[in-house]
Amino acid sequence: MKTKAWVLTKSSSPLELREVEIPRLEKGQTLVKILYSGICHTQLNQINALKGVDKNIPRTMGHEGSGFVEEIGEGVTKIKPEDYVVLSWLKGAGLEKKSSTYLCKDEKINSGPVSTFMERAVVAEANLVKLRNEATPPHVAALLGCAVPTGMGMVFHLLDEEPGSIAIYGMGGVGSTSLLAAQVRGYAPIFAIDIYDHKLQHARSLGATYVINANRLNPLEEILRLTDGKGVDYAIECSGNARVMEMAFSSLKNKGKAVIAGNVKSGEMISINPHELNMGKKLFGTFGGDARIEEDIPFYEQIYHQGKIPIEKLISKIYGFNEVNTALSALEKSEICRPIIEISPK
């Protein structure tokens, strides 16, 4: 069986649409028909070799999506054919399979345990979670694979339940999702910081109390002004800018907590004042929002249907399957927050 897939063939170059041969399923693998795929900055980081040249080129792309299981390999017990699933780069229960290889004529196309920029994909069992509600729209379900568990996970898993003030730096897909989680937790006021007015307007529509354009105002000074010099209880950084990471930490109250989610270029460092650590400020890193996808995805799906998190409002635009490079370009230029690709109709 063959399928169409967008393939990274060269760093810092557009993806190429290839027709590839689907390999025979191995132990722990499944074949999934992809419905929708999200796109996040991780794909841009891979394409632009932000963390170094990708040694697995040529390779398939995409790490969050929704789809239907068509076949299962040996040992797969968590899901079965026809199950409606979320595909995620985050690992859950089930068998793991680190990679698979497709063929395009005589060329090998590498793939990780999950790919979503393709019509059909071989996916490891551990990277799938069955949806509980068939009424969950597939474009919404796609964001349950990365944006939602990462953005909401930082709030639910790393910050306190006790309501407090929060500053969110970088209002892309993950930052916007953290904003929704902060509202669920009852945090207030919520400060949204970015350098683009359209992203700040979007943050305002999602419930931000204050929006700060960092090109016009110093966010740290503005937060201190609006909090009578105290700072915020919590801060989340999603910009991928080292100086912003430092600012997020400095904007905390004493004993406040900051979480860093953004990715900087390989070798770039941040600097903080040790005295701030002595005052009880805490700085956390996170791997995918410390998500536990077997528990988290059903929970987020449930509260979505309860009307507590309008996930559909996170989606800037839905692109067609042939528009993947257009969507990547728009994301790289910060024209949109979170694009979605329609791969196949449900």
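Just above, that's the structure.
It should be emphasised that the depicted structure is a prediction, and the values quoted were computed from it without experimental measurement.

Asks: It is not clear to me how the overall build of the protein should be interpreted in this structure. Could you clarify?
Replies: When helices and strands are tallied, the protein shows ten helices and 18 strands. Taking 20 Å as the expected radius of gyration for a compact globule of 346 residues, we find that the protein reaches 20 Å, a close match to that expectation. Here the C-alpha coordinates of the protein stretch approximately 65 × 40 × 35 Å along the principal axes. The buried share among the 346 residues of the protein stands at 54%.

Asks: What should I look at first to understand the packing of aromatic side chains in this one?
Replies: Aromatic ring pairs are described here by two measures, namely the spacing of the ring centres and the angle between the planes. Inspection of the entire model under this criterion finds eight aromatic pairs. Centroid distance phenylalanine 68 to tyrosine 84: 5.2 Å. Interplanar angle 25°. Geometry classified as stacked. Of the two residues, phenylalanine 68 sits in strand β5 (residues 64-72) while tyrosine 84 sits in strand β6 (residues 84-88), which places them 16 residues apart along the sequence. In this structure phenylalanine 68 comes out as partly exposed when scored by relative accessible area, which is 24%. Taking 6.2 Å as the distance between ring centres and 45° as the angle between the ring planes, the aromatic pair formed by phenylalanine 156 and tyrosine 300 counts as tilted. Residue phenylalanine 156 is located in helix α3 (residues 147-158), and its partner tyrosine 300 is located in helix α9 (residues 293-305); the two are separated by 144 residues in the primary sequence.

Asks: Hey, could you run me through α3 in this one?
Replies: Since the α-helix advances by 3.6 residues per turn, residues separated by three or four positions end up pointing in the same direction. Taking 1.5 Å per residue, twelve residues should reach 16 Å; α3 reaches 16 Å between its end C-alpha atoms and fits that length. For α3, the tally of buried residues reaches eleven of twelve residues, placing the bulk of the element in the interior. Listing the buried residues of α3 in full gives Ala147, Val148, Pro149, Thr150, Gly151, Met152, Gly153, Met154, Val155, Phe156 and Leu158.

Asks: Would you mind showing me how to read the side chain of threonine 60 here?
Replies: Along the chain, threonine 60 turns up in strand β4 (residues 59-60). The exposure class assigned to threonine 60 is buried, which follows from its relative accessible area of 1%. A distance of 2.5 Å separates the side chain of threonine 60 from the side chain of serine 115, its partner in a polar contact. Other than its neighbours up to four places away in sequence, threonine 60 contacts Trp6, Tyr102, Ile109, Asn110, Ser111, Ser115 and Met118.

Asks: Please clarify how unusual backbone geometry should be interpreted in this entry.
Replies: What is expected of a backbone is that most residues other than glycine have negative phi and most peptide bonds are trans. For the peptide bond that leads from isoleucine 57 to proline 58, omega is 0°, which places it in the cis range. Residue proline 189 follows alanine 188 across a cis peptide bond; omega there is -10°. Even without glycine at this site, serine 12 takes up a positive phi of about 60°. Counting through the fold element by element, serine 12 comes out in the loop between β1 (2-8) and β2 (16-21). Note on serine 12: relative accessible area 53%, which makes it exposed.

Asks: In this structure, what is going on with the nonpolar core? I would like to understand it.
Replies: Note that soluble globular proteins tend to have their nonpolar side chains buried in a common cluster. If you look at the biggest cluster of nonpolar residues, it comprises 50 residues, and the most contacted ones within it are Ile166 and Ile311. Among the elements that make up this core, the one with the highest residue count is α3 (seven residues). Discounting chain neighbours no more than four positions away, the residues touching isoleucine 166 are Leu159, Ala182, Tyr187, Pro189, Ile190, Phe191, Val232, Tyr234, Ala235 and Ile236. Judged by nonpolar contacts, the second largest core, of 40 residues, contains Ile22, Val76, Leu331 and Ile336.

Asks: Would you take a moment to explain the sheet that holds strand β11 (residues 166-169) for this structure?
Replies: Strand pairing in a sheet takes place through backbone hydrogen bonds and is either antiparallel or parallel in direction. Within the open sheet, the six strands sit side by side as β13-β12-β11-β14-β15-β16. Their pairing is parallel. Where the open sheet ends on each side, the last strands, each with one partner, are β13 (210-213) and β16 (282-285). Neighbour-to-neighbour, the strand axes of the sheet open up by a mean angle of 15°, direction not taken into account. Examined bridge by bridge, β11 and strand β12 (residues 190-194) share four bridges and lie parallel to one another. By the bridge assignment for β12, isoleucine 166 is matched with isoleucine 190.

Asks: How do you make sense of α9 when you look at a structure like this?
Replies: Relative to the 18 Å expected for 13 residues at 1.5 Å per residue, α9 spans 18 Å between its end C-alpha atoms, a close match to the ideal helical length. The complete set of buried residues in α9 reads Ile293, Asp296, Ile297, Pro298, Tyr300, Glu301, Ile303 and Tyr304. In this structure, the buried side of α9 is in contact with β6, β10 (128-130), α2 (138-143) and α3. Where α9 terminates, the next one or two residues include glycine 307, which has phi positive at roughly 80°.

Quick notes on the rules
Residues numbered from 1 in each chain as written. Predicted model: local features only at pLDDT ≥ 70, side-chain atom pairs only at ≥ 80, totals over all residues. Heavy atoms only, no water. Helix = DSSP H or I, 4+ residues; strand = E, 2+ residues; numbered from the N terminus. Rg over C-alpha atoms; globule rule 2.2 N^0.38 Å. Buried < 20%, exposed > 50% of the residue type's maximum accessible area, 1.4 Å probe, protein only. Phe/Tyr/Trp six-rings, centres within 6.5 Å; stacked < 30°, edge-to-face > 60°. Expected span 1.5 Å × (residues − 1). Polar contact = N/O pair within 3.5 Å; in protein donor to acceptor, adjacent residues only side chain to side chain. Contact = heavy atoms within 4.5 Å. Core = buried A, V, L, I, M, F, W, Y, C linked by side-chain atoms within 4.5 Å. Pairing = 2+ DSSP bridges. Axes fitted to C-alpha atoms, helices over the stretch in contact; angles between N-to-C directions.

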